[in-house]
Amino acid sequence: MLTQLVYSLVKVLRDLGSFDDRLLQEEPFLRAALDVVRVRCLRDLKDRARIPLPDSYVLVGVPDEDRLLEPDQVYACLRFPDQPEEPVYLEGTVVVTRSPAMDPGDIRILQAVGKLPSKLNTRMRALENCLVLPTQGVRSVASMMGGGGEPLLSSGSCRESH
């Protein structure tokens, strides 16, 4: 809306006939208005630009409180509304990123462990539709991805096991 107002103002000034483009750089009010529009357009692009990826999921990252996952492993059990009785376990190589990814360090290539062994008694088994991140290692994966605590997008070439 602000962008449209500034463009409308510039159009009206141009229609008057005596408008000089230098006025946009020299007039403090118009220059400030254009700076606000520029910053807002860039913020909108950053916040709203989404590139859809096939076979990808938007998941919230949670820590592995039982410390079962190795430093480069993740666990994800997904349930879809059209198949609620049949969970899908991500297995294999996955790409995990913060949303929005602002730095190359926000993107990690990790290994999804698939379905947990039935003999393993862990709280992780109850977690669905989220991405369990490892807490072991020198630093946790979440802290290496911009401080953690952010929603995560998990995607990549992975095999789903049922």
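Notes on the structure in this doc start here. (Residues numbered from 1 in each chain as written. Predicted model: local features only at pLDDT ≥ 70, side-chain atom pairs only at ≥ 80, totals over all residues. Heavy atoms only, no water.)

**Description of the environment of Ser143**
So the rule is basically this: Going along the chain from the N terminus, every DSSP run of H or I of four or more residues is numbered as a helix, and every run of E of two or more is numbered as a strand. Only protein chains enter the accessibility calculation, which uses a 1.4 Å probe; a residue is then buried when its area is under 20% of its type maximum, exposed when over 50%, and partly exposed in between.
Mapped onto the elements of the fold, Ser143 is located in helix α4 (residues 141-144). Note on Ser143: relative accessible area 27%, which makes it partly exposed. Distance in space between the C-alpha atoms of Ser143 and Asp106 is 9.7 Å, their sequence separation being 37 residues.

**Considerations on the side chain of Asp64**
Here is the rule: Under this rule, positive means Lys or Arg and negative means Asp or Glu; His and the chain ends count for nothing. Just to be clear on terms, a salt bridge is a Lys or Arg side-chain nitrogen sitting within 4 Å of an Asp or Glu carboxyl oxygen. N or O atoms closer than or at 3.5 Å make up a polar contact, with two conditions inside protein: a donor-capable atom paired with an acceptor-capable one, and, for residues adjacent in sequence, both atoms drawn from side chains. In what follows, a contact means two residues having at least one pair of non-hydrogen atoms within 4.5 Å.
Positionally, Asp64 belongs in the loop between β1 (57-63) and β2 (73-74). For the buried Asp64, which has no salt bridge, the nearest side chain bearing the opposite charge is Arg123, at an N-O separation of 7.2 Å. A polar side-chain atom of Asp64 sits 3.3 Å from the main-chain amide nitrogen of Asp66. A polar contact is formed between the side chain of Asp64 and the backbone nitrogen of Leu69, at a distance of 2.7 Å. Once you skip the residues sitting within four places of it in the chain, Asp64 turns out to touch Leu69, Met124, Val132, Leu133, Pro134 and Thr135.

**Let's talk about the packing of aromatic side chains**
The description of two aromatic rings rests on the distance between their centres and on the angle between their planes. Convention followed: Pairing of aromatic side chains requires ring centres within 6.5 Å, counting the rings of Phe and Tyr and the six-membered ring of Trp. Pairs whose planes differ by under 30 degrees are stacked, by over 60 edge-to-face, and all others tilted.
Tallied over the entire structure, the rule returns two aromatic pairs. Geometrically, the ring pair formed by Tyr57 and Phe80 is tilted, given 6.0 Å between the ring centres and 40° between the ring planes. Here Tyr57 is found in strand β1, whereas its partner Phe80 is found in strand β3 (residues 77-80), with 23 residues between them in sequence. Judged by centre distance (6.4 Å) and plane angle (40°), the ring pair of Tyr75 and Tyr89 falls under tilted. In this pair, Tyr75 is assigned in the loop between β2 and β3 and Tyr89 in strand β4 (residues 83-98), connecting sequence segments 14 residues apart. There is no split in this pair, since Tyr75 and Tyr89 are both buried.

**Re the pattern of salt bridges**
The full count for this structure, using the stated rule, is three salt bridges. Note that Arg123 is salt-bridged to Glu65, the shortest N-O span being 3.5 Å. Residue Arg123 is found in the loop between β5 (107-113) and β6 (130-133), and its partner Glu65 is found in the loop between β1 and β2; the two are separated by 58 residues along the sequence. Of the charged contacts, one joins Asp66 and Arg123 as a salt bridge, the two residues approaching to 2.7 Å between their closest N and O atoms. With Asp66 in the loop between β1 and β2 and Arg123 in the loop between β5 and β6, this residue pair connects regions lying 57 residues apart in the sequence.

**Regarding helix α3 (residues 28-48)**
How we decide: Multiplying one less than the number of residues by 1.5 Å gives the expected span of a helix. It is the directions from the helix axis to the C-beta atoms that the arc portrays.
Here α3 contains 21 residues, and its C-alpha end-to-end distance of 30 Å stays within 8% of the 30 Å for a straight helix at 1.5 Å per residue. Among all positions in α3, only Leu30, Ala33 and Val37 are buried. One face of α3 carries all of its buried residues, which in axial projection span an arc of 60°.

**Thoughts on the state of the cysteines**
Defined as follows: Here, a disulfide means two cysteine sulfur atoms that sit within 2.5 Å of each other.
With the rule as written, the count across this model stands at zero disulfides. We note that Cys130 lacks a disulfide partner, and the nearest cysteine sulfur, in Cys77, lies 8.8 Å from it. Taking relative accessible area as the criterion, Cys130 reaches 9% and is therefore assigned buried.

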